[in-house]
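Single-letter residue listing:
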Amino acid sequence: MPETLTHSSEGQAEWPMPRAATCPFDPPPALKSLQSEAPVSRVRIWDGSTPWLITRYEHTRALLGDPRISSDATRPGFPRTAGSAQSDTRAPLSFINMDDPEHARLRRMVTAPFAIKRIEALRPAVQRIVDDSIDTMLAGPKPVDLVEALALPIPSLVICELLGVPYEDHDLFQHNTKVLVKLSTAREESAAALTALTDYLERLLTSKLERPGNDLLSDIATRRVATGELTQREAARMGVLLLIAGHETTANMIALGTCALLQNPDQLALLRDAPDAKTTASAVEELLRYLNITHNGRRRVALEDIEIGGETIRAGDGLIIAGDIANRDPDVFPDPDRLDITRNARRHVAFGFGVHQCLGQPLARLELQVVYSTLYRRIPALALAIEPDQVRYKHDGAVYGVYELPVTW
Amino acid sequence: MHVEVDQPKCVASGQCVMLAPGVFDQDDDGIVELLDADPAPEHHDDVRESAAVCPAAAIRLTEK
Ligand code: SF4
């Protein structure tokens, strides 16, 4: 019964819900039913708890912008992710799991390099990285896995440069990141990966204190750790957060975005034949909306009673706010299941909303704009090297995407 | 149209600067700075869009 909800014995739908096998880019059909029939309703998650599930765009923005809900994963009632190292640790992964004013204090320490003008100044460097990666790919054998050849190395090289992490160490951080973002990873394994990454960042921060460079980690080491504003461990956790966030999301947007475009050749042609900044920027926003790769919902817990959508969320109740279905809300995006790079998709919530909205979004936009405007123009014959139904999608990933994307030209 | 910004609320997402660079800027820490509190009509659409996408509700508009 793929079109209906799976109900537990107590009557609540189970979360997460499966996608339809035939529509790998669409959110689960059961989410669509909930959005129209019961937009604020309870679901049952892996640990037996029953948080609220929010599915409408309007409610999503209202709640994510509401100071009465908390991101503090250590509070009772917070809907935890299965397998996550965060499930049983008291130490939050930096400001992402904190509330204001502590969240704002820490976040503001790292906002400077993500300001629009500073990110724009990186455009030539990002263009060079993208061109070099494509040159290498074209010089090698085909078919080739686009994930290994472009999608992973490009964001990895960019975030390493920005943070001041030696790219030579990429085996260590790519491996541990992979373990951390896989939902099926056992909790001990995920905790070990988190520790390995934190230890690595801590060693790096120590060496930056001795020999600072012109990068974000040197800045944190000399301006925040040396002054006692942050402990070495807090700074390392912040570094882990930025390193993971900079990697996994953009890599998946490059590969999954290409996979979607190859299966929507009219849209790909529009993008390729008009490589102006406006068309590219609009295509990036639409692909962010349509794919919404952070597909496991944003987790929160209510601090006070909140009335929304005819329901009362009580203080202490958990919330899962499903951005993927909010981005398909027909009240905001007409014909929402159609990929249309000419629509104005700017109001999507793929980066979240409220004070926790993605800090790295200007960098993500820049990287995606450069990749999408370069790749299909330089390789107009780019094509899938397997049948579309053989692509392996990351159903079990904290971030949605493809495990590999064999392409040829 | 009159524009006000609430710097303590701003989370430095930069969206306003991207959409309406003549009206908004960012300081050294990425926090919004208002360049033009009474923008010319040709900027109004972009300013409205900035206020609509600002994740922190840090931009307030009064339409006159
Ligand atoms: S859009 Fe809002 S949060 Fe982002 S920089 Fe502008 S004022 Fe700040």
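Residues numbered from 1 in each chain as written. Chains lettered and ligands numbered in written order. Predicted model: local features only at pLDDT ≥ 70, side-chain atom pairs only at ≥ 80, totals over all residues. Heavy atoms only, no water.

## Remarks on the overall build of chain A
No. 1: A tally of regular secondary structure across chain A gives 15 helices and eleven strands.
No. 2: Its C-alpha atoms give chain A a radius of gyration of 21 Å, near enough to 22 Å, the size a compact globule of 409 residues would have.
No. 3: Referenced to the eigenvectors of the C-alpha coordinate spread, the extents of chain A come out at roughly 55 × 55 × 35 Å.
No. 4: Here chain A, with 409 residues, has 55% of them falling under the buried criterion.
No. 5: When contacts within chain A are restricted to residue pairs at least 6 apart in sequence, long-range pairs at least 24 apart make up 71% of them.
No. 6: For chain A, the accessible area works out to roughly 16800 Å², and carbon and sulfur atoms hold 53% of it.
No. 7: Counting 45 positive and 54 negative side-chain charges, chain A places the centres of these two groups 4 Å from one another. (Helix = DSSP H or I, 4+ residues; strand = E, 2+ residues; numbered from the N terminus. Rg over C-alpha atoms; globule rule 2.2 N^0.38 Å. Buried < 20%, exposed > 50% of the residue type's maximum accessible area, 1.4 Å probe, protein only. Contact = heavy atoms within 4.5 Å. Areas by Shrake-Rupley, 256 points an atom, 1.4 Å probe, with all protein chains shown as cover. Lys, Arg positive; Asp, Glu negative; His and termini not counted. Charge placed at Lys NZ, Arg CZ, Asp CG, Glu CD.)

## Here we look at the sheet that holds strand E1 (residues 13-14) of chain A
All names here are of chain A.
No. 1: Judged by pairing direction, the sheet is mixed, and its six strands sit side by side in the order E1-E2-E3-E9-E6-E4 without closing on themselves. Each edge of the open sheet is held by one strand with a lone partner, namely E1 and strand E4 (69-70).
No. 2: The pairing of strand E2 (residues 40-44) with strand E3 (residues 52-54) spans three bridges and is classified as antiparallel. Each residue of the ladder has a partner; that of Ser41, found in E3, is Leu53.
No. 3: Lying on the sheet, helix H2 (residues 57-64) is in contact with E2, E3, E4, strand E6 (298-302) and strand E9 (318-321); it crosses E9 at an angle near 125°. (Pairing = 2+ DSSP bridges. Axes fitted to C-alpha atoms, helices over the stretch in contact; angles between N-to-C directions.)

## Structural notes on the packing of helix H10 (residues 216-225) of chain A against helix H11 (residues 232-262) of chain A
Residues and elements named next belong to chain A.
No. 1: Put simply, H10 and H11 touch, their axes get as near as 11 Å, and they point 155° apart. Our classification of the angle between H10 and H11 gives roughly antiparallel. Considering how the two elements wind past one another, H10 and H11 form a crossing that is right-handed. Residues Leu216, Leu217, Ile220 and Val225 of H10 lie in contact with H11, whose contacting residues are Gln232, Ala235, Met238, Gly239 and Leu242. (Parallel < 35°, antiparallel > 145°, perpendicular 65-115°, else oblique. Left-handed = near helix turned anticlockwise from the far one by under 90°.)

## Focus: the interface of chain A and chain B
No. 1: Taken together, the contact pairs 18 residues of chain A with 23 residues of chain B.
No. 2: Around 1800 Å² of area is buried between chain A and chain B when both sides are counted, 48% of it from carbon and sulfur atoms.
No. 3: At the boundary of chain A and chain B, one finds two salt bridges.
No. 4: Across the pair Glu49(B) and Arg347(A) runs a salt bridge whose closest N-O atoms are separated by 3.0 Å.
No. 5: Scanning the region where chain A abuts chain B turns up twelve residue pairs in polar contact (both at pLDDT 80 or more).
No. 6: Contributing elements (two or more residues each) for the side of chain A that touches chain B: helix H3 (102-108), helix H4 (116-120) and helix H15 (361-378) of chain A.
No. 7: Partitioning the side of chain A that touches chain B into residue classes produces six nonpolar, five polar and seven charged. (Buried area = accessible area lost by both parts, 1.4 Å probe. Salt bridge = Lys/Arg side-chain N within 4 Å of Asp/Glu carboxyl O. Polar contact = N/O pair within 3.5 Å; in protein donor to acceptor, adjacent residues only side chain to side chain. Nonpolar A, V, L, I, M, F, W, Y, C, P; charged D, E, K, R; others polar.)

## A short note on the sheet that holds strand E11 (residues 406-408) of chain A
Residues and elements named next belong to chain A.
No. 1: Taken in spatial order, the three strands of this open sheet run E5-E11-E10, and their pairing is antiparallel. Both edges of this open sheet fall to strand E5 (144-145) and strand E10 (383-384), since each of them pairs with a single strand only.
No. 2: Where E10 and E11 come together, two bridges link them in antiparallel fashion. Bridge pairing in E11 places Ala383 opposite Thr408.

## Quick look at the site of the ligand
No. 1: All residues in the neighbourhood of the ligand are listed as Cys10(B), Val11(B), Ala12(B), Ser13(B), Gly14(B), Gln15(B), Cys16(B), Val32(B), Cys54(B), Ala58(B) and Ile59(B).
No. 2: Considered class by class, the residues forming the shell around the ligand number eight nonpolar, three polar and no charged. (Near = heavy atom within 4 Å.)

## A closer look at the packing of aromatic side chains
Working definition: an aromatic ring pair is given by the centre-to-centre distance plus the angle between the planes.
Residue and element names in this part refer to chain A.
No. 1: Using the criterion set out here, one finds six aromatic pairs over all chains in the structure.
No. 2: Pairing Phe25 with Tyr393 gives two aromatic rings, centres 5.9 Å apart and planes at 90°, and the pair type is edge-to-face. Here Phe25 is found in the loop between E1 and helix H1 (29-37), whereas its partner Tyr393 is found in the loop between E10 and E11, with 368 residues between them in sequence.
No. 3: Classification of Tyr393 by relative accessible area gives buried; the value is 11%.
No. 4: A ring pair is formed by Phe173 and Tyr200, whose centres lie 6.4 Å apart and whose planes are at 45°; its orientation type is tilted. With Phe173 in helix H8 (residues 170-180) and Tyr200 in helix H9 (residues 187-210), this pair connects stretches of sequence that are 27 residues apart. (Phe/Tyr/Trp six-rings, centres within 6.5 Å; stacked < 30°, edge-to-face > 60°.)

## Focus on the nonpolar core
No. 1: Counting 89 residues, the largest nonpolar core has Met137(A), Val165(A), Leu291(A), Tyr372(A), Leu375(A), Val402(A) and Leu405(A) as its most contacted members.
No. 2: Examining the composition of this core, we find that 16 residues originate from one element, H11(A), more than from any other.
No. 3: Not counting residues within four places of it along the chain, the set of residues in contact with Val165(A) comprises Cys160(A), Phe173(A), Tyr200(A), Leu204(A), Leu217(A) and Leu243(A).
No. 4: Listed in part, the 18 residues of the second largest apolar core include Val3(B), Val17(B), Ile31(B) and Ala56(B). (Core = buried A, V, L, I, M, F, W, Y, C linked by side-chain atoms within 4.5 Å.)

## Details of the pattern of salt bridges
Residue and element names in this part refer to chain A.
No. 1: Going through the model one piece at a time under the given rule, you end up with 29 salt bridges over all chains.
No. 2: The salt bridge partner of Arg289 is Glu286, with a shortest N-O separation of 2.8 Å. Placement of both Arg289 and Glu286 in helix H13 (residues 277-291) is noted, with a separation of three residues, approximately one turn of the helix. Each member of the pair, Arg289 together with Glu286, is buried.
No. 3: Linking Asp305 and Arg314 is a salt bridge whose minimum nitrogen-to-oxygen distance equals 3.0 Å.
No. 4: Via salt bridges that share partners, Asp26, Lys32, Arg328 and Asp337 belong to a single interconnected network.

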